[in-house]
Amino acid sequence: MNAICFHAFGGPEVLTLENTSRPVIGPNEVLLHLKAAALNHLDMWVRSGTRERNIPLPHIPGSDGAGIIAEIGIAVDYLKVGDPVLISPGISCGHCDMCFSGNDNLCRTFHVLGTREDGTYAEFVKLPAVNVQPIPAGLDFTQAAAIPLVFLTAWHMLVGLTKIKPGEIVLVHAAGSGVGSAAIQIAKLFGAHVITTAGSEEKLTKAKTLGADDGINYKEKDFVEEVKRLTARRGVDIVFEHNGGEIFEKSIFTLAKGGRLVTCGSTSDYIGKIDLRYLFAKHLTLHGSFMGTKRELIDVLRFFENGTGNRQLMPVIDSVFPLAKAPDAHHRMEERKNFGKIVLSV
Ligand SMILES: [Zn+2]
């Protein structure tokens with residue numbers, strides 16, 4: 001099969017199109033014939049070897065994907081060959097206390113597909129049968145592949161952890177990122193007022209089409225001062241943070257009393273200082289977040305259904321590259337040129 005592999009960690013140039021052998025599935029697994037795979041920042045770290053450990057080489061990256069079931073393991077009786085599905089990318093043991101309680105993303109073995117085993121930049125991928133879900137009606141494979149990781153992450157952060165409520169003010173950083181464009185939509189779905197940031201007016205205009213109420217161009221204005229101005233110095237109830245470093249540090253100063261900051265990814269810098277006086281005196285809460293649960297993916301997928309003709313959430317597609325152009329796709333993400341998801345068509 002065709003697959004994008006790398007044999008050593010490095011820049012986008014280490015990704016090469018190769019002919020590799022098709023995976024062989026076990027009794028509880030399925031073989032998925034991929035039609036589309038979506039990029040995430042995680043893929044950059046897997047490729048560069050900078051954040052993830054235990055990555056076997058050579059390696060096929062990729063966590064998000066959608067396609068058609070090509071084979072099912074002999075113990076799998078609830079799926080059939082030919083089913084169109086998307087990938088639920090969190091892999092856990094399925095039999096520990098956390099998995100039994102539904103908190104599978106807190107399982108000690110929890111990891112994302114495409115890190116410890118081969119991922120989705122390929123014609124075929126094997127994965128546990130419990131890690132696929134039906135594609136919401138009316139969505140194509142490109143759209144389906146662009147949903148899971150970012151919408152699950154944003155849902156867990158806003159709904160699972162900070163428990164967003166109608167009328168609250170939410171600051172969503174980096175509207176153009178996959179997770180930012182998902183968070184804006186989810187916050188609006190819950191009736192919040194959304195302030196978002198981006199590095200260009202063009203991105204802020206697109207963010208408003210997703211429902212954002214206010215936009216801050218962080219290259220031209222200080223976002224802390226702008227949040228104070230927009231909220232009449234009250235501050236926001238929730239900060240949705242995924243950059244780390246200075247953005248994390250300054251975000252603390254945008255929170256209202258009793259505010260919550262939820263952070264994931266730290267795509268710019270994973271060190272962030274905090275002035276503890278603000279934390280205790282303003283009764284702030286910090287949430288760390290990594291992915292979400294299998295159940296939460298089912299919850300969020302309901303809002304992509306088109307049953308009433310009025311779909312409430314939509315994947316945001318920036319661009320589609322052929323599989324062989326994966327290095328160009330990685331360059332585009334690393335240069336932060338995208339608004340929404342970059343997808344590989346397989
Ligand atoms: Zn477990």
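Provided above is the structure to which this section pertains.
Residues numbered from 1 in each chain as written. Predicted model: local features only at pLDDT ≥ 70, side-chain atom pairs only at ≥ 80, totals over all residues. Heavy atoms only, no water.

Q: Can you lay out the overall build of the chain for me, pointing to particular residues and giving the numbers?
A: A tally of regular secondary structure across the chain gives eleven helices and 17 strands. Computed over its C-alpha atoms, the radius of gyration of the chain comes to 20 Å, within 12% of the 20 Å expected for a compact globule of 346 residues. Dimensions of the chain, computed from C-alpha atoms along their principal axes, come out at roughly 60 × 40 × 40 Å. Here the analysis covers contacts within the chain between residues at least 6 apart in sequence; of these, 69% occur between residues at least 24 apart. Accessible surface, the chain as shown: approximately 14,800 Å² in total, 54% of it carbon and sulfur. The positive charge centre, built from 36 side chains, and the negative charge centre, built from 37, are 5 Å apart in the chain. (Helix = DSSP H or I, 4+ residues; strand = E, 2+ residues; numbered from the N terminus. Rg over C-alpha atoms; globule rule 2.2 N^0.38 Å. Contact = heavy atoms within 4.5 Å. Areas by Shrake-Rupley, 256 points an atom, 1.4 Å probe, with all protein chains shown as cover. Lys, Arg positive; Asp, Glu negative; His and termini not counted. Charge placed at Lys NZ, Arg CZ, Asp CG, Glu CD.)

Q: Report on helix α10 (residues 294–301), specifying residues and quantitative values.
A: In terms of burial, α10 is a largely internal element, six of the eight residues being buried. Taken together, the buried positions of α10 are occupied by Lys 294, Glu 296, Leu 297, Asp 299, Val 300 and Leu 301. Considering only its buried residues, α10 is in contact with β5 (84–87), β6 (90–91), β9 (132–134), α4 (148–161) and α5 (178–189). (Buried < 20%, exposed > 50% of the residue type's maximum accessible area, 1.4 Å probe, protein only.)

Q: Tell me about the coordination of the zinc ion, residues and numbers included.
A: Taken together, Cys 93 (SG), Cys 96 (SG), Cys 99 (SG) and Cys 107 (SG) make up the protein donors of the zinc ion, found 2.3 to 2.4 Å from the metal. All donors to the zinc ion come from one chain, and their sequence spacing reads C-x2-C-x2-C-x7-C. Cys 96 gets classed as buried once you look at its relative accessible area, which sits at 18%. (Donors = N, O, S within 2.8 Å, 3.2 Å for Na, K, Ca; no water.)

Q: Describe the pairing of strand β17 (residues 341–345), listing the residues and the values that go with them.
A: For β17, the buried fraction is high: four of the five residues fall into the buried class. The pairing of strand β3 (residues 29–38) with β17 spans three bridges and is antiparallel. Looking across to β17, one finds that Ala 37 is bridged to Leu 344. Sheet analysis places strand β16 (residues 317–322) next to β17, joined by five bridges and oriented parallel. (Pairing = 2+ DSSP bridges.)

Q: Give a description of the side chain of Thr 162 that names residues and reports values.
A: For Thr 162, the position within the fold is in the loop between α4 and β10 (169–172). Judged by its relative accessible area of 3%, Thr 162 is buried. Leave out the neighbours within four places in its chain, and Thr 162 touches Met 157, Ile 238, Arg 260, Val 262 and His 287.

Q: Please provide a residue-by-residue account of the sheet that holds strand β14 (residues 255–263), values included.
A: Paired through their backbone hydrogen bonds, the strands of a sheet run either parallel or antiparallel. One open sheet holds the six strands; their spatial order is β12-β11-β10-β13-β14-β15, and the pairing between them is parallel. The sheet terminates laterally at β12 (214–217) and β15 (285–288), the two strands that pair on one side only. Each strand axis lies, on average, 15 degrees off the axis of its neighbour in the sheet, ignoring direction. Sheet topology note: the β14/β15 ladder contains four bridges and is parallel. If you follow Arg 260 over to β15, its bridge partner there is Thr 285. Along the sheet, α4 contacts β10, β13 (236–241), β14 and β15; its crossing angle with β13, the most-contacted strand, is approximately 155 degrees. Along the sheet, helix α7 (residues 223–230) makes contact with β10, β11 (193–198), β12 and β13, crossing β12 at roughly 155 degrees. (Axes fitted to C-alpha atoms, helices over the stretch in contact; angles between N-to-C directions.)

Q: Describe the packing of α4 against α10, naming the residues involved and giving the relevant values.
A: Contact geometry of α4 with α10 gives a least axis separation of 9 Å together with a crossing angle of 100 degrees. Of the possible angle classes, the one that applies to α4 and α10 is roughly perpendicular. The segment α4 lies against α10, with Pro 148, Phe 151, Leu 152, Trp 155, His 156 and Gly 160 engaging Glu 296, Leu 297, Asp 299 and Val 300. Each residue belonging to the contact of α4 with α10 can be placed in one class, and the counts come to six nonpolar, two polar and two charged. (Parallel < 35°, antiparallel > 145°, perpendicular 65-115°, else oblique. Nonpolar A, V, L, I, M, F, W, Y, C, P; charged D, E, K, R; others polar.)

Q: Describe in detail the packing of aromatic side chains, supporting the description with residues and values.
A: Scanning the entire structure with this criterion turns up six aromatic pairs. Geometrically, the ring pair formed by Phe 151 and Phe 304 is edge-to-face, given 4.8 Å between the ring centres and 85 degrees between the ring planes. Residue Phe 151 is located in helix α4, and its partner Phe 304 is located in the loop between α10 and β16; the two are separated by 153 residues in the primary sequence. One exposure class covers both Phe 151 and Phe 304, and it is buried. Between the aromatic rings of Phe 253 and Tyr 278, the centroid separation amounts to 4.7 Å while the plane-to-plane angle is 70 degrees, which identifies the pairing as edge-to-face. On the criterion of sequence distance, the pair formed by Phe 253 in the loop between α8 (245–251) and β14 and Tyr 278 in helix α9 (residues 276–281) is long-range, its members being 25 residues apart. Overall, the relative accessible area of 33% leaves Phe 253 in the partly exposed class. An aromatic cluster of three or more residues is present, and its members are Trp 155, Phe 190 and Phe 303. In this structure, Arg 22 packs its charged tip against the face of Phe 124, placed 4.1 Å from the ring centre. (Phe/Tyr/Trp six-rings, centres within 6.5 Å; stacked < 30°, edge-to-face > 60°. Lys NZ or Arg CZ within 6 Å of the ring centre and 35° of its normal.)

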